[in-house]
Amino acid sequence: VRHGQASFGSADYDRLSDLGRRQCEALGEHFAARGRRFAGVMRGTLRRHCESLDAIASRLPALPGAVEWPGLDEYDGEALVRALVGDALPVVDSAEGYRQHFRLLREALHGWMEGRLSPRGMPSWAEFAAGVAGALDHVRSRFDGDVLVVSSGGPISTAVAQVLGAPHPAVVELNLRLRNSALTEFAFTPRRHALVSFNAIPHLEQPGRDDWITFA
């Protein structure tokens, strides 16, 4: 699960908006209505991961305690853009500012993955990808039933690319299309993962919820 809508454009991105909480509560209701039960729960360490899981759990009783996994944390988008343009960050207070931010982020992600950029305070791309692979390995080695994993767009798109054997440019394109609170499903055996679905939002595809569908 990608976290619910956070607070993009504010001083503190790493917290859910009111809509983000509603998105995740709706996902918990979706799971509960279908009788979904989870053998395990994993999440990243970021506040938006914790708040998203709390919102899901408020509508889905008896979830197991969560395993906190730093390898499920997102890259630092601001550090990436700063590594590309210095302090000349776009002001995200308009549609054009929003588009400019994501144009720069796309370019910076490619630079980071290709080893041309080393954003301050961030791991290398190889280290980031290894953290995601470690989460997949943990699921395969420790669980038999369904596992609920709450993370961010970067780790989720990286996991999809790893499972499919796709090159790193695919990670960027997958990442920038992920919707808030979207589901990506994998089947797994002790030896491998297989992709089942990507970026699904069945809990938001209801009358009156068109404006619940967000990307940032």
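Right, let's walk through the structure included here.

Calculation criteria
- Residues numbered from 1 in each chain as written.
- Predicted model: local features only at pLDDT ≥ 70, side-chain atom pairs only at ≥ 80, totals over all residues.
- Heavy atoms only, no water.
- Helix = DSSP H or I, 4+ residues; strand = E, 2+ residues; numbered from the N terminus.
- Rg over C-alpha atoms; globule rule 2.2 N^0.38 Å.
- Buried < 20%, exposed > 50% of the residue type's maximum accessible area, 1.4 Å probe, protein only.
- Contact = heavy atoms within 4.5 Å.
- Areas by Shrake-Rupley, 256 points an atom, 1.4 Å probe, with all protein chains shown as cover.
- Core = buried A, V, L, I, M, F, W, Y, C linked by side-chain atoms within 4.5 Å.
- Salt bridge = Lys/Arg side-chain N within 4 Å of Asp/Glu carboxyl O.
- Polar contact = N/O pair within 3.5 Å; in protein donor to acceptor, adjacent residues only side chain to side chain.
- Phe/Tyr/Trp six-rings, centres within 6.5 Å; stacked < 30°, edge-to-face > 60°.
- Lys NZ or Arg CZ within 6 Å of the ring centre and 35° of its normal.

Counting its regular elements, the protein chain contains seven helices and five strands. Counting helices and strands in the order they occur from the N terminus, the protein chain gives α-β-α-β-α-α-α-β-α-α-β-β. At 17 Å, the protein chain has a C-alpha radius of gyration in line with the 17 Å of a compact globule built from 216 residues. Along the longest, intermediate and shortest principal axes, the C-alpha atoms of the protein chain span 50 × 40 × 25 Å. In the protein chain, buried positions account for 48% of the 216 residues. Sequence-distant contacts in the protein chain: of pairs separated by 6 or more residues, those separated by 24 or more amount to 70%. With an accessible surface of roughly 10,500 Å², the protein chain has 50% of that area assigned to carbon and sulfur atoms.

The next thing to look at is the nonpolar core. Membership of the largest hydrophobic core comes to 22 residues, with the highest contact counts inside it found for Tyr 75, Leu 80, Leu 105, Leu 109, Trp 112 and Trp 125. Looking at this core, the elements with two or more residues in it are helix H3 (77-85), helix H4 (95-113), helix H5 (125-142), helix H6 (153-164) and helix H7 (168-175). Residue contacts for Leu 80: discarding those within four places in its chain leaves Tyr 75, Leu 105, Ala 108, Leu 109, Trp 112, Leu 117, Pro 119 and Met 122. Formed by 13 residues, the second largest nonpolar core is a distinct cluster that contains Val 1, Val 41, Leu 53 and Ala 55.

Taken as a whole and assessed by the stated rule, the structure comprises 15 salt bridges. Taking the shortest distance from any N to any O, the salt bridge between Glu 25 and Arg 59 comes out at 3.5 Å. Of this pair, Glu 25 sits in helix H1 (residues 18-33) while Arg 59 sits in the loop between helix H2 (47-57) and strand S2 (66-68), placing them 34 residues apart in sequence. Looking at Glu 25, the relative accessible area reads 22%, which means it is partly exposed. We note a salt bridge from Glu 96 to Arg 103, for which the minimum N-O separation is 2.8 Å. Classification of Glu 96 as partly exposed rests on a relative accessible area of 38%. Connected via shared salt-bridge partners are Asp 18, Arg 21, Arg 47 and Glu 51.

When you line up the elements, Ser 152 lands in the loop between strand S3 (147-150) and H6. Among the residues examined, Ser 152 registers a relative accessible area of 0% and is labelled buried. Polar side-chain contacts of Ser 152 include one of 2.7 Å to the side chain of His 49. With residues up to four places along the chain from it excluded, the contact list for Ser 152 reads Arg 2, His 3, Arg 48, His 49, Leu 72 and Glu 74.

Moving on, we get to the packing of aromatic side chains. This model, assessed by the stated rule, comprises seven aromatic pairs. Their ring planes at 65° and their centres at 6.1 Å tell us that Tyr 75 and Trp 112 sit as a pair that is edge-to-face. Of this pair, Tyr 75 sits in the loop between S2 and H3 while Trp 112 sits in helix H4, placing them 37 residues apart in sequence. For the pair formed by Tyr 75 and Trp 112, the shared burial category is buried. Ring geometry for Trp 112 and Trp 125: centres 5.5 Å apart, planes at 75°, overall edge-to-face. In this pair, Trp 112 is assigned in helix H4 and Trp 125 in helix H5, connecting sequence segments 13 residues apart. Its relative accessible area of 2% is what places Trp 112 among the buried residues. Assessed through its relative accessible area of 16%, Trp 125 is described here as buried. Here the aromatic cluster, defined as three or more aromatic residues joined through ring pairs, consists of Tyr 75, Trp 112, Trp 125 and Phe 128. Sitting above the plane of the Trp 212 ring, Arg 22 keeps its charged end 5.4 Å from the centroid.

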